[in-house]
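Residue strings, one per chain:
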Amino acid sequence: MSDPIIATTGLGHAYGSVVALHGVDLEVPAGRIGLVGANGAGKTTFIKILLGILDPTVGDASVFGDDVRTSAIGIRSRVGYMPEGSCLPLSQTAADFVVYAAELAGIPAKAARQRGSDVLTLVGLHEERFRYLGDFSTGMKQRAKLAQAIVHDPDLVFLDEPTAGLDPEGREEMLDLIARLGSFGINVLVSSHVLTDIERTCDWVVMLDGGKVLRNGPMTGLVETDTVQVDVIGDPDAIAADLSARGATVSVDGTTLLVQASDQDPFDLVMAALADTGAGMRSLGARSTSLEDLFLAGAEGGGE
Amino acid sequence: MTDRGAVFDLGYKPHDGERLGTPGAFRATVKDGLRRVLGLRRKARKKILPFFLLGVALLPAVVFVGLAFFLGEFSPDVESPFGGYEQYLGLAGTVLLIFSGLAAPELLVPDRVEGVLSVYSSRPLRARDYIGARATALLGVVAAFLVIPNLLMWIGFAALGEGAFPTEAIDGFGDFARSLAASVVYVLGYGVPAMLPAIYTKRTAPASGAYLAIMFFSVPIASALVESGFSASRWGALLALLQHPHVVRDWIFGSFNSDLPTVSQFEPWVSLAVILVVAGLTVILGMRRYRREM
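Residues numbered from 1 in each chain as written. Chains lettered and ligands numbered in written order. Predicted model: local features only at pLDDT ≥ 70, side-chain atom pairs only at ≥ 80, totals over all residues. Heavy atoms only, no water.

Novice: Help me understand the interface of chain B and chain A in this model?
Specialist: Note: interface size is frequently given as the accessible area lost on complex formation between the parts. Taken together, the contact pairs 35 residues of chain B with 39 residues of chain A. Of all residues in chain B, Tyr12, Glu114 and Arg123 of chain B give up the largest surface area on contact with chain A, accounting jointly for 24% of the area buried on that side. Where Lys13 of chain B meets Asp118 of chain A, a salt bridge forms, and the shortest distance between an N and an O atom there is 3.4 Å. Summed over the shared surface of chain B and chain A, the result is 19 residue pairs in polar contact (both at pLDDT 80 or more). (Contact = heavy atoms within 4.5 Å. Buried area = accessible area lost by both parts, 1.4 Å probe. Salt bridge = Lys/Arg side-chain N within 4 Å of Asp/Glu carboxyl O. Polar contact = N/O pair within 3.5 Å; in protein donor to acceptor, adjacent residues only side chain to side chain.)

Printed below as a string of C-alpha cells:
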C-alpha cells in the first residue's frame, strides 16, 4: 500500500458511558473509500474525529500523516465535508453560499466566485444557482451540500450518507457524481448504510459494527470468492451427486449449483460432471458475494 | 466561419492558486456576518428593519446639523436646547440596544439551527475564530450606528461654525474623541451582551425578546432591590445594566449623572467594570458553547 491517507491506532471514542468507537486500527489508501455500517455503528463519530471536531478518547488518528489532535486546522484546509443532516442556510442563494464555502476554505474571493459557478454546474445546479436554498427540493439540497464540500478543491472529501432522502433517480445521479470525483483527483470517503451504494462507487471498504472494524480492505478482494456458480440444464441433483463424488462441496438452489473444491480447480470438476451426466449449462462463472453477505458474516463472526 | 455550434466539456479544474488559510476564513465569516446583520443578499424583508433602525439612528444627527444650518447660531454644547454629542449618544444608544437585540440572534441562531456549523467545522476555523468573526461583524455595524452620525455632526458643526473649517474642526475634536470613547462603551455595554441569549436559544424571536426584556427591566428590578432597605441593598444598583453606559458616558464628558448606580454612590469606574465583566462573561460562555460543536 502507498502512504495511507487515513491511519488510526487503537482509536476509541465514548459519549459518557456509551462507547461509539473501540480499538479501531486502520490504514486506508488513496482512492474512493466506503465506510459502511448500520446506523449507530460509529461512522459519523469516526468522520468527526478525523475532522478534529471530536477528540479521540483513546488512541491516535491521522489524515495525510497529520495528527487530528494537533493539526486539525491543517487537515481542515485539505478536506471537505458533506454532513448527513442539513447544513444549508435557507435564506441564502446557492451561488452565494457555495462561493462563501470556498472563501471559508481560504480561496480568494475572485477565484471563489469562479469555482462556485463551475462546481454548481458540475453538480447540475447551474440553472438554479440564484434560487434561495430554502426553496430547494431534497435532491437539490443534496447536490448543493456536495457542491460546498468540493468547491475548494479538497484532497479528500467526507460524504456522510450522501444518498439519504433521495428518490431512485436522484440517488443514481448522486452516485454517478461521487464516482466521478476520483477522476478529479479528489479522494473520497463515503459513509453509508446502503451497501449497494458502496459497491457501486468505492474501491476500498471499511466495515464498522458496534464501533469495531469488521473488515478493511480492497473491494475486489472482498467480493471475489473461490466458489463457482453454474446454472444447469438437466437434473441438478444428479450433477450435484457427481460433483460430490469428485470431492467437491455442492449446494443446490433450483437449477443453480454453488461448487467449492479445496484442492482441485472447481471449473474442471464442473466440466467433467456435466460431461458425465450429459447435462448442459446456461452460465458458468466465479460467484461474487455482496457486501451485505460479508457484513452479515462479519457481524455474526464478531469482526476481524 | 461555421454555423454549427459545439459544446466543450471543460471538466473539473483544480485550484492551483493561493489559499489564505485561517485569516481568509475569518475575513469571509466577518463579511458574511455584515451581510446577514444588514440583510444584504437576502430577501427584501430581511433588509427592512436594519436599514430602518440605521435611519432612525442617523436622523437625530441630521436634525441637529440641519437645525444648526437653518438657525445659523447653533453650537453643539451640552446646554443647547437641541443637544450635542452627549445627548445624541443617549438617543442612539436606545436604537443601538434594539438593533443589537434583533441582529445578534439573526447572526448566531440560524447557523446552529440549520446545521451550518458543520460546514464551519470542516474549514480552517476554530470556535474562537467563528465567535470572534461574528462579534466583529455585529459590533462593527453597531459601532457604525454611532460613529457615522458622530462624524456627521463633527464635520457639520465645523463647517457651520463661525471660524474657518480647520480651526473649528480642531476645536471640536475633543468632544468628537470623547464621543468615540463613549461609543465604544455603548458597543461593549449593549452590543456584546446581546449575543448571550442568542448563544443558547434555538429561535431568534425569544432570544431578542429575552435580551430586550432583561435590559429594560434591569432598571426597575435594580431600583426595587435598592429601595428594599436590606443591609447591602445598594449593590442591587449594579444590576441596572441599561444605565451603566450612560454613567460612563457622563464620566467621559464630565457631566452630571443621576442614574441608579451613581445615586447609590458607586464610582463611575464600577459601571465600566460591570460592562467589562458582562462582556467578558459573554465571550467565555460563547467559547464554551461553540467549542463543543466545532
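This is not the end of the story, as more comes after the structure.
Novice: When you look at the sheet that holds strand 7 (residues 156–160) of chain A in this model, what are you seeing that I'm missing?
Specialist: Strand pairing within a sheet occurs via backbone hydrogen bonds; the two strands may be parallel or antiparallel. All names here are of chain A. Taken in spatial order, the six strands line up as 6-7-8-3-9-10 in an open sheet, and their pairing is mixed. Both edges of this open sheet fall to strand 6 (79–82) and strand 10 (212–218), since each of them pairs with a single strand only. Adjacent strand axes in the sheet meet at a mean angle of 15 degrees when their direction is disregarded. In the sheet, strand 3 (residues 32–36) pairs with strand 9 (residues 204–209) via four bridges, with the strands oriented parallel. Across the sheet, residue Leu35 finds its bridge partner in strand 9, namely Val206. (Pairing = 2+ DSSP bridges. Helix = DSSP H or I, 4+ residues; strand = E, 2+ residues; numbered from the N terminus. Axes fitted to C-alpha atoms, helices over the stretch in contact; angles between N-to-C directions.)

Novice: I'm lost on empty space enclosed by the protein in this one. Help?
Specialist: Remark: the empty space left among the atoms is shown by a probe the size of a water molecule rolled over them. All names here are of chain B. Applying the stated criterion to the full structure yields two cavities of 30 Å³ or more. Volume-wise, the largest cavity comes out at about 70 Å³. In terms of lining, the largest cavity is formed by Leu188, Gly189, Pro193, Met215, Leu241, His244, Pro245, Val274, Ile275 and Val278. Looking at the lining of the largest cavity, the elements that each hand over two or more residues are helix 6 (165–191), helix 9 (244–253) and helix 11 (268–291). For the lining of the largest cavity, the leading source of residues is helix 11, giving three residues. In the lining of the largest cavity, the residues fall into eight nonpolar, two polar and no charged. (1 Å grid on protein atoms, 1.4 Å probe; cavity = no way out; pocket = protein on both sides within 12 Å on 5 of 7 lines; lining within 4 Å. Points joined across faces, edges and corners; volume = space filled by probe spheres on them. Nonpolar A, V, L, I, M, F, W, Y, C, P; charged D, E, K, R; others polar.)

Novice: Honestly, the domain arrangement of chain A in this entry has me stumped. Any pointers?
Specialist: Domain assignment breaks chain A into domain 1 (6–221) and domain 2 (222–301). Of note, the centres of domain 1 of chain A and domain 2 of chain A, computed from C-alpha atoms alone, are 40 Å apart. (Domains from an automatic or database assignment.)

Novice: Where do I start with the layout of surface pockets in this structure?
Specialist: Quantified by volume, the largest pocket comes out at close to 360 Å³. If you go around the largest pocket, you meet 17 residues; those closest to its centre are Gly52 and Arg76 of chain A together with Arg126, Arg291 and Met294 of chain B. Going through the elements one at a time, helix 2 (72–76) of chain A together with helix 5 (127–160) and helix 11 of chain B are the ones with two or more residues in the lining of the largest pocket. In terms of residues, the lining of the largest pocket owes the most to one element, helix 2 of chain A, which gives three residues. Looking at the lining of the largest pocket residue by residue, the classes come out as nine nonpolar, two polar and six charged.

Novice: So what exactly am I meant to see when it comes to the nonpolar core here?
Specialist: One broad trend across soluble globular proteins is that nonpolar side chains are buried collectively. In this structure, Leu146, Leu159 and Leu181 of chain A together with Tyr120 and Tyr290 of chain B are the most contacted members of the largest nonpolar core, which totals 120 residues. If one sorts the elements of this core by residue count, helix 5 of chain B sits on top with 14 residues. Apart from the residues lying within four places of it in its own chain, the contact partners of Leu146 of chain A are Met82, Val123, Leu159, Met174, Leu177 and Leu181 of chain A. Core analysis: the second largest hydrophobic core is formed by 31 residues, Ile33, Leu51, Leu54 and Val79 of chain A among them. (Core = buried A, V, L, I, M, F, W, Y, C linked by side-chain atoms within 4.5 Å. Buried < 20%, exposed > 50% of the residue type's maximum accessible area, 1.4 Å probe, protein only.)

Novice: Help me understand the packing of aromatic side chains in this model?
Specialist: By convention here, two paired aromatic rings are described through the distance between centres and the angle between planes. All chains considered together, the criterion is met by 11 aromatic pairs over all chains. Judged by centre distance (5.6 Å) and plane angle (70 degrees), the ring pair of Tyr186 of chain B and Tyr190 of chain B falls under edge-to-face. Of this pair, Tyr186 of chain B and Tyr190 of chain B both sit in helix 6, four residues apart, roughly one helical turn. Among the residues examined, Tyr186 of chain B registers a relative accessible area of 0% and is labelled buried. By the ring-pair criterion, three or more aromatic residues cluster together here, those being Tyr100 of chain A together with Tyr120, Tyr130 and Tyr290 of chain B. (Phe/Tyr/Trp six-rings, centres within 6.5 Å; stacked < 30°, edge-to-face > 60°.)

Novice: Just checking my understanding: could you explain helix 11 of chain B for this structure?
Specialist: Between its first and last C-alpha, helix 11 of chain B extends 35 Å over 24 residues, near the 34 Å set by a 1.5 Å rise per residue. Among the residues of helix 11 of chain B, those classed as buried are Pro268, Val270, Ser271, Val274, Ile275, Ala279, Thr282, Gly286, Met287, Arg289 and Tyr290 of chain B. (Expected span 1.5 Å × (residues − 1).)

Novice: What is the right way to read the side chain of Arg123 of chain B from this model?
Specialist: Turning to its location among the elements, Arg123 of chain B is positioned in the loop between helix 4 (117–120) and helix 5. Notably, Arg123 of chain B is buried but unbridged: the nearest opposite-charge side chain belongs to Glu103 of chain A, and the N-O separation is 10 Å. Here Ala101 of chain A takes part through its backbone oxygen, which lies 3.0 Å from a polar atom of the side chain of Arg123 of chain B. Reaching out from Arg123 of chain B, the side chain makes a polar contact with the side chain of Ser122 of chain B at a distance of 3.2 Å. Those residues within four positions of Arg123 of chain B in sequence are excluded, and the remaining contacts are Arg76, Ala101, Leu104, Ala105, Gln148, Val151 and His152 of chain A. (Lys, Arg positive; Asp, Glu negative; His and termini not counted.)

Novice: Would you mind showing me how to read the pattern of salt bridges here?
Specialist: Pairs can form between side chains of opposite charge once their charged atoms are near each other. Considering all chains together, one arrives at 24 salt bridges over all chains under this definition. For the salt bridge of Asp176 of chain A with Arg200 of chain A, the shortest nitrogen-to-oxygen distance reads 3.1 Å. On the criterion of sequence distance, the pair formed by Asp176 of chain A in helix 6 (residues 168–181) and Arg200 of chain A in helix 7 (residues 195–201) is long-range, its members being 24 residues apart. In this structure, Arg36 of chain B engages Asp111 of chain B in a salt bridge whose closest nitrogen and oxygen atoms are separated by 3.1 Å. Linking Arg36 of chain B in helix 1 (residues 21–38) with Asp111 of chain B in helix 3 (residues 85–113), this pair joins segments that are 75 residues apart in sequence. Arg36 of chain B sits in the buried class, given a relative accessible area of 7%. Given the relative accessible area of 0%, Asp111 of chain B is considered buried.

Novice: Teacher, can you tell me more about the packing of helix 6 of chain B against helix 11 of chain B here?
Specialist: When two helices pack together, their arrangement is given by the angle between the helix axes and by the axis-to-axis distance. Residues and elements named next belong to chain B. Running from N to C, helix 6 and helix 11 cross one another at 50 degrees; their axes reach a closest spacing of 8 Å. Put simply, helix 6 runs oblique to helix 11. Crossing geometry of helix 6 relative to helix 11 is assigned as left-handed. Only Leu272, Ile275, Leu276 and Ala279 of helix 11 make contact with helix 6, whose side of the interface consists of Val185, Leu188 and Gly189. Per-class residue counts for the contact of helix 6 with helix 11 are six nonpolar, one polar and no charged. (Parallel < 35°, antiparallel > 145°, perpendicular 65-115°, else oblique. Left-handed = near helix turned anticlockwise from the far one by under 90°.)

Novice: Whenever I open this one, the packing of helix 1 of chain B against helix 5 of chain B confuses me. Can you help?
Specialist: All names here are of chain B. Where helix 1 contacts helix 5, the two axes come as close as 8 Å, and the packing angle between them is 40 degrees. Comparing the axis directions of helix 1 and helix 5 gives the class oblique. For the element pair helix 1 and helix 5, the recorded crossing hand is right-handed. On helix 5, the residues that touch Thr22, Phe26, Thr29, Val30, Asp32, Gly33, Leu34, Arg36, Val37 and Leu38 of helix 1 are Asp129, Tyr130, Gly132, Ala133, Arg134, Thr136, Ala137, Leu138 and Val141.

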